[in-house]
Amino acid sequence: MTTNADEPQTRPRRRAPAGAAVLREDVTEAIRAAVFEELASVGYARMSIEGIARRAGVGKTAVYRRWKSKLHLVLDVVSALAVLGLPVPDTGSLESDLRLLYEVTSRALRHPVASQIIPDLQAEAARNPEIAEAMQKALREGQEGVAIKIIAAAERRGELRHGVDDELALDLISGPLYWRSVVIRSPKLPKGYLEALTRATAEALKALPGSPDA
């Protein structure tokens, strides 16, 4: 008989290896969603496995079957942000690509849940190297993959010099919006801010030198 870790069934369609536990994906996703809600509601320090399980509508055992502790659960959820990524704009011009990226990123960062979770986890990251590493990976890789593709497309179109410094380009693209939305947590972007940021970033990118070998 198949052993289902969350909801045993008397007549399974397929057999699992002896002793294997079949972890239902819908339960796993419910737990992950509950983690975000708990982080936004009470913060990492006060978050508990009991609270997560209650919010997800499952027992604590279902949580512990998947993660050893609160820390491992949060690390997994935060790390998963890195692979979700942002949609890569493909509008046909550098400025339009940047404008679309800024619109999507701004909405994501200013979402009520994200605006509560990110600062709280950043505070925890200052005390916990594992959370710091996961946060860096999630925030950096999510932006880096998109930024590099925008730069590559602009180089192919001749809008940028070939072989610009990807690290510097990433800082120019992502730095200002994260500073305003995450660090100083401005409650509202000034009128015309995204348009001005788009123009300024595009001009700064165009000023970057290319690689001598490009």
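Residues numbered from 1 in each chain as written. Predicted model: local features only at pLDDT ≥ 70, side-chain atom pairs only at ≥ 80, totals over all residues. Heavy atoms only, no water.

### Some remarks on the overall build of the protein chain
Next, step 1: In terms of helices and strands, the protein chain carries nine helices and two strands.
Next, step 2: Along the protein chain, from the amino end to the carboxyl end, the secondary structure elements read β-β-α-α-α-α-α-α-α-α-α.
Next, step 3: Taken across its 214 residues, the protein chain has 37% of its residues classed as buried.
Next, step 4: Within the protein chain, contacts between residues separated by at least 24 positions form 63% of all contacts whose residues are at least 6 apart in sequence.
Next, step 5: When the accessible surface of the protein chain is totalled, it reaches about 12300 Å², and 53% of it is carbon and sulfur. (Helix = DSSP H or I, 4+ residues; strand = E, 2+ residues; numbered from the N terminus. Buried < 20%, exposed > 50% of the residue type's maximum accessible area, 1.4 Å probe, protein only. Contact = heavy atoms within 4.5 Å. Areas by Shrake-Rupley, 256 points an atom, 1.4 Å probe, with all protein chains shown as cover.)

### Concerning the layout of surface pockets
Next, step 1: There is about 310 Å³ of room inside the second largest pocket.
Next, step 2: What lines the second largest pocket is a set of 13 residues, and nearest its centre among them are Q136, L139, R140, S174 and Y178.
Next, step 3: For the lining of the second largest pocket, the secondary structure elements donating two or more residues are α7 (129–156) and α8 (166–183).
Next, step 4: Residue composition of the lining of the second largest pocket, grouped by class: six nonpolar, five polar and two charged. (1 Å grid on protein atoms, 1.4 Å probe; cavity = no way out; pocket = protein on both sides within 12 Å on 5 of 7 lines; lining within 4 Å. Points joined across faces, edges and corners; volume = space filled by probe spheres on them. Nonpolar A, V, L, I, M, F, W, Y, C, P; charged D, E, K, R; others polar.)

### Some thoughts on the environment of E38
Next, step 1: Structurally, E38 is set in helix α1 (residues 25–46).
Next, step 2: What makes E38 buried here is its relative accessible area of 8%.
Next, step 3: Taking the C-alpha atoms as reference points, E38 and G51, separated by 13 residues in sequence, lie 7.3 Å from one another.
Next, step 4: Once residues within four sequence positions are removed from consideration, E38 is found in contact with G43, M47, G51, I52 and R55.

### Examining the packing of α7 against α8
Next, step 1: α8 packs onto α7 with a crossing angle of 120 degrees between their chain directions and a minimal axis gap of 9 Å. Regarding the angle of α7 to α8, the classification is oblique. Read as a crossing pair, α7 and α8 show a hand that is right-handed. Of α8, the residues touching α7 (which contributes L139, R140, Q143, E144, A147, I148 and I151) are D166, E167, A169, L170, I173, S174 and Y178.
Next, step 2: When grouped by side-chain class, the residues that make up the contact of α7 with α8 number eight nonpolar, two polar and four charged. (Axes fitted to C-alpha atoms, helices over the stretch in contact; angles between N-to-C directions. Parallel < 35°, antiparallel > 145°, perpendicular 65-115°, else oblique. Left-handed = near helix turned anticlockwise from the far one by under 90°.)

### So, a nonpolar patch on the surface
Next, step 1: Together, W179, V183 and I184 give the surface a local cluster of nonpolar side chains, amounting to about 320 Å² of exposed area.
Next, step 2: In this fold, W179 is placed in helix α8.
Next, step 3: Overall, the relative accessible area of 51% leaves W179 in the exposed class. (Patch = residues over 30% accessible without salt bridge, like charges linked within 9 Å, V, L, I, M, F, W, Y side chains within 5 Å. Salt bridge = Lys/Arg side-chain N within 4 Å of Asp/Glu carboxyl O.)

### Some points on the pattern of salt bridges
Next, step 1: On inspection of all chains with the given rule, the structure shows 11 salt bridges.
Next, step 2: Here R99 makes a salt bridge to E195, at a shortest N to O gap of 2.8 Å. Residue R99 is located in helix α5 (residues 94–109), and its partner E195 is located in helix α9 (residues 193–206); the two are separated by 96 residues in the primary sequence.
Next, step 3: On the basis of relative accessible area, E195 is assigned to the partly exposed category, the value being 33%.
Next, step 4: Look at the salt bridges and you will find they share partners, linking E29, R32 and D76 into a network.

### Re the packing of α8 against α9
Next, step 1: Orientation of α8 relative to α9, taken along the N-to-C sense of each, is 160 degrees, at an axis distance of 9 Å. In terms of orientation, α8 lies roughly antiparallel with respect to α9. The crossing of α8 and α9 is right-handed. Packed against α8, whose contacting residues are A169, L172, I173, P176, L177 and R180, the element α9 presents Y193, L194, L197, T201, A204 and L205 at the interface.
Next, step 2: For the contact of α8 with α9, the per-class residue count stands at 10 nonpolar, one polar and one charged.

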